[in-house]
Amino acid sequence: MTEFVTSKDGTRIAYEKVGSGPALVLVDGAMCYRDFGPCRSAATAFSDRYTVYFYDRRGRGESGDSPEYAPEREYEDLAAVIDATGEEAYVLGYSSGGALVLQAAASGVRMRKLASYEAPYVGIAEKKGVKPDFLAELKSRLARGDRGGAVGYFMVDMVGGPAFLPLMMRLMPKVFTSLKAVAHTLPYDATIMHGFEVPTATLSRITTPALVMGGSKAKPNMVAAVDGVASAIPGSIKRTLAGQTHQVKDDAIKPELVGFFA
């Protein structure tokens, strides 16, 4: 059942909860929300040990939005969901959702313990000697009403997927429609990632116990990102999940969480 909590700026954030046990809040990455992405499956998988809260980040699904975006608003959204649990919750973030969790913790959002999986601080590769401005290009495409183009640019130019991927997505109308529906939030994740470089000084302020995870099948730049995050957070624990890609499986990540949260 969908429930709502009101963030500090008045934006309504939609969430669900399943299971029983200590509170665990899940945070999605780019273009994902409750009905599109890993969190519903993860919530089911973790619900035998935790009361799992998973929510639509602002601008997605049933959550509201605000005219002006700033990462701080999403920190406040997460804090509001944590408050709704009635306790100091565990928090797990996937991909850019992991970066959101880390930066929220650094800004003072209280969490019992936190875990991130492959926060993509992978840098920006130069093209013809120039680093592309991902944020500006996304905003430009969206301003022209080209939501599909923004999705394709994210998949190929930003994430490094094969050039045929947007075409393949267009051949799956239901999936592509879901992606286009939240295309306007792509600049939000690009803003959170802030150049896609590990914000070492920011993460060094984290005092929450932290588990930093990556998959053994990660590309070298993602391995470096995970290493950089782990090195930046005082006292963090790093784990490499055997056989896992960026789309980590629930049964691979669950034992690490259970062990760390215990």
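Residues numbered from 1 in each chain as written. Predicted model: local features only at pLDDT ≥ 70, side-chain atom pairs only at ≥ 80, totals over all residues. Heavy atoms only, no water.

S.K.: Can you help me understand the overall build of the chain in this one?
M.R.: Across its full length, the chain holds eleven helices and eight strands. In terms of overall dimensions, the chain has a C-alpha envelope of 45 × 35 × 30 Å along the principal axes. For the chain, contacts bridging at least 24 residues in sequence account for 73% of all contacts bridging at least 6. (Helix = DSSP H or I, 4+ residues; strand = E, 2+ residues; numbered from the N terminus. Contact = heavy atoms within 4.5 Å.)

S.K.: Help me understand the environment of Phe 154, please; the structure alone is not making it clear to me.
M.R.: Relative to the elements of secondary structure, Phe 154 occurs in helix H5 (residues 147–158). The class of Phe 154 is buried, set by a relative accessible area of 16%. Placed 153 residues apart in sequence, Phe 154 and Met 1 show a C-alpha to C-alpha distance of 32 Å. Apart from residues no more than four positions distant in its own chain, Phe 154 is found in contact with Ala 30, Met 31, Val 159 and Leu 186. (Buried < 20%, exposed > 50% of the residue type's maximum accessible area, 1.4 Å probe, protein only.)

S.K.: I tried to follow the sheet that holds strand E4 (residues 51–55) on my own but got confused; where do I start?
M.R.: Either a parallel or an antiparallel arrangement is found when strands of a sheet pair, and the pairing is made through backbone hydrogen bonds. One open sheet accounts for eight strands, arranged E1-E2-E4-E3-E5-E6-E7-E8; its pairing is mixed. Each edge of the open sheet carries a strand with a single partner, namely strand E1 (3–6) and strand E8 (237–241). Each strand of the sheet is rotated relative to its neighbour by a mean of 25 degrees, with strand direction disregarded. Relative to E4, strand E3 (residues 23–27) is paired through four bridges, and the arrangement is parallel. Note on E4: the bridge partner recorded for Leu 26 is Phe 54. Most of the contacts of helix H2 (residues 71–85) go to E3, to which it runs at about 155 degrees, and overall it touches E1, strand E2 (12–19), E3, E4 and strand E5 (90–94). Sheet strands in contact with helix H11 (residues 250–261) are E3, E5, strand E6 (113–117), strand E7 (210–215) and E8, and its direction is about 165 degrees off that of E7. (Pairing = 2+ DSSP bridges. Axes fitted to C-alpha atoms, helices over the stretch in contact; angles between N-to-C directions.)

S.K.: Help me understand helix H3 (residues 96–106) in this model?
M.R.: Each α-helix winds once per 3.6 residues, and so residues spaced three or four apart point in a common direction. Counting buried residues along H3, eleven of its eleven residues qualify, which places the element largely inside the surrounding structure. What H3 keeps buried is the set Ser 96, Gly 97, Gly 98, Ala 99, Leu 100, Val 101, Leu 102, Gln 103, Ala 104, Ala 105 and Ala 106. Among the residues trailing H3, Gly 108 stands out with phi positive, at a value near 110 degrees.

S.K.: Got a minute to help me understand the state of the cysteines in this structure?
M.R.: As used here, a disulfide is simply a covalent bond connecting the sulfur atoms of two cysteines. This structure, assessed with the given rule, holds zero disulfides. Cysteine Cys 39 is unpaired, with the sulfur of Cys 32 as its nearest cysteine sulfur at 7.5 Å. (Disulfide = S-S within 2.5 Å.)

S.K.: It is not clear to me how the nonpolar core should be interpreted in this structure. Could you clarify?
M.R.: Ranked by internal contacts, the top residues of the largest apolar core, which has 63 residues, are Val 25, Tyr 55, Leu 78, Leu 102 and Met 111. Tallying contributions element by element places H3 first for this core, with seven residues. Apart from residues lying up to four places away in sequence, Met 111 is in contact with Leu 78, Ile 82, Glu 88, Ala 89, Val 91, Val 101, Ala 104, Ala 105 and Thr 208. Counting 24 residues, the second largest nonpolar core, distinct from the first, contains Leu 26, Tyr 94, Leu 211 and Val 248. (Core = buried A, V, L, I, M, F, W, Y, C linked by side-chain atoms within 4.5 Å.)

S.K.: Explain the environment of Leu 165 to me, please; I cannot follow it from the model alone.
M.R.: Within the secondary structure, Leu 165 is located in helix H6 (residues 165–170). For the pair Leu 165 and Gly 152, spaced 13 residues apart in sequence, the C-alpha separation works out to 7.7 Å.

S.K.: What is the right way to read the packing of aromatic side chains from this model?
M.R.: Each aromatic ring pair is summarised here by two numbers: the centre-to-centre distance and the angle between the ring planes. Following the criterion strictly, the structure yields nine aromatic pairs and no others. Here the aromatic rings of Phe 134 and Tyr 153 are separated by 6.1 Å at their centres, their planes lie at 75 degrees, and the arrangement is edge-to-face. One end of the pair, Phe 134, is in helix H4 (residues 134–143); the other, Tyr 153, is in helix H5, and 19 residues separate them in sequence. You can call Tyr 153 buried: its relative accessible area is 8%. A network of ring pairs unites the aromatic residues Tyr 50, Tyr 90, Phe 260 and Phe 261 as a single cluster. Directly above the aromatic system of Phe 4 lies the positively charged group of Arg 12, at a separation of 3.9 Å from the ring centroid. The residue whose ring lies beneath Lys 113 is Phe 260, and the NZ or CZ to ring-centre distance is 4.9 Å. (Phe/Tyr/Trp six-rings, centres within 6.5 Å; stacked < 30°, edge-to-face > 60°. Lys NZ or Arg CZ within 6 Å of the ring centre and 35° of its normal.)

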